[in-house]
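# Structural overview
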Amino acid sequence: MDRLDKAALNALQPPEFRNEGSLASTLKTLLFFTALMITVPIGLYFTTKSYIFEGALGMSNRDSYFYAAIVAVVAVHVVLALFVYVAWNEGSRQWREGKQD
């Protein structure tokens, strides 16, 4: 009987009050990965271009642009894959918590 009362109260509450914590968590995750998406590829591009490809490997300016761009594109894909992984796990965790109520 007590379980039915809790379910009825949850059904009467507006969805924004029930999911306020999950919305904040989702927003934090999105902002974190947005910052990563901006900083990681740009940072890796300039770092690998000047220190690795031109400095350590002695490549020409034109070749270092090409290979540094490849590194930046790979970094974008890694950040996107991490975001999908985290979002998938966060969504399944919230679904399991909601399922137990």
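Cut-offs and rules
Residues numbered from 1 in each chain as written. Predicted model: local features only at pLDDT ≥ 70, side-chain atom pairs only at ≥ 80, totals over all residues. Heavy atoms only, no water. Helix = DSSP H or I, 4+ residues; strand = E, 2+ residues; numbered from the N terminus. Buried < 20%, exposed > 50% of the residue type's maximum accessible area, 1.4 Å probe, protein only. UniProt positions renumbered as here; feature names shortened; annotations may be inferred. Patch = residues over 30% accessible without salt bridge, like charges linked within 9 Å, V, L, I, M, F, W, Y side chains within 5 Å. Areas by Shrake-Rupley, 256 points an atom, 1.4 Å probe, with all protein chains shown as cover. Salt bridge = Lys/Arg side-chain N within 4 Å of Asp/Glu carboxyl O.

## Topic: the side chain of Ser 64
Mapped onto the elements, Ser 64 comes out in helix H4 (residues 61-100). The exposure class assigned to Ser 64 is buried, which follows from its relative accessible area of 0%.

## Let's talk about the environment of Leu 82
Locating Leu 82 in the fold gives a position in helix H4. In this structure Leu 82 comes out as partly exposed when scored by relative accessible area, which is 42%. Put simply, Leu 82 and Phe 33 are 49 residues apart on the chain and 8.6 Å apart in space, counted from C-alpha to C-alpha.

## Details of the UniProt feature "transmembrane region" (unreviewed entry) in the protein chain
When the UniProt feature table is mapped onto this chain, "transmembrane region" (unreviewed entry) is found at residues 27-46 and 66-88. Structurally, residues 27-46 is divided into 100% helix and 0% strand, and its ends, taken at the C-alpha atoms, are 29 Å apart. Summarising residues 66-88: 100% helix, 0% strand, and an end-to-end C-alpha distance of 33 Å.

## Examining a nonpolar patch on the surface
Taken together, the side chains of Phe 66, Tyr 67, Ile 70, Val 74, Val 78 and Leu 82 define a hydrophobic patch exposed on the protein surface, amounting to about 540 Å² of accessible area. Tracing the sequence through the fold places Val 74 in helix H4. Judged by relative accessible area, Val 74 falls into the partly exposed class, the value being 49%.

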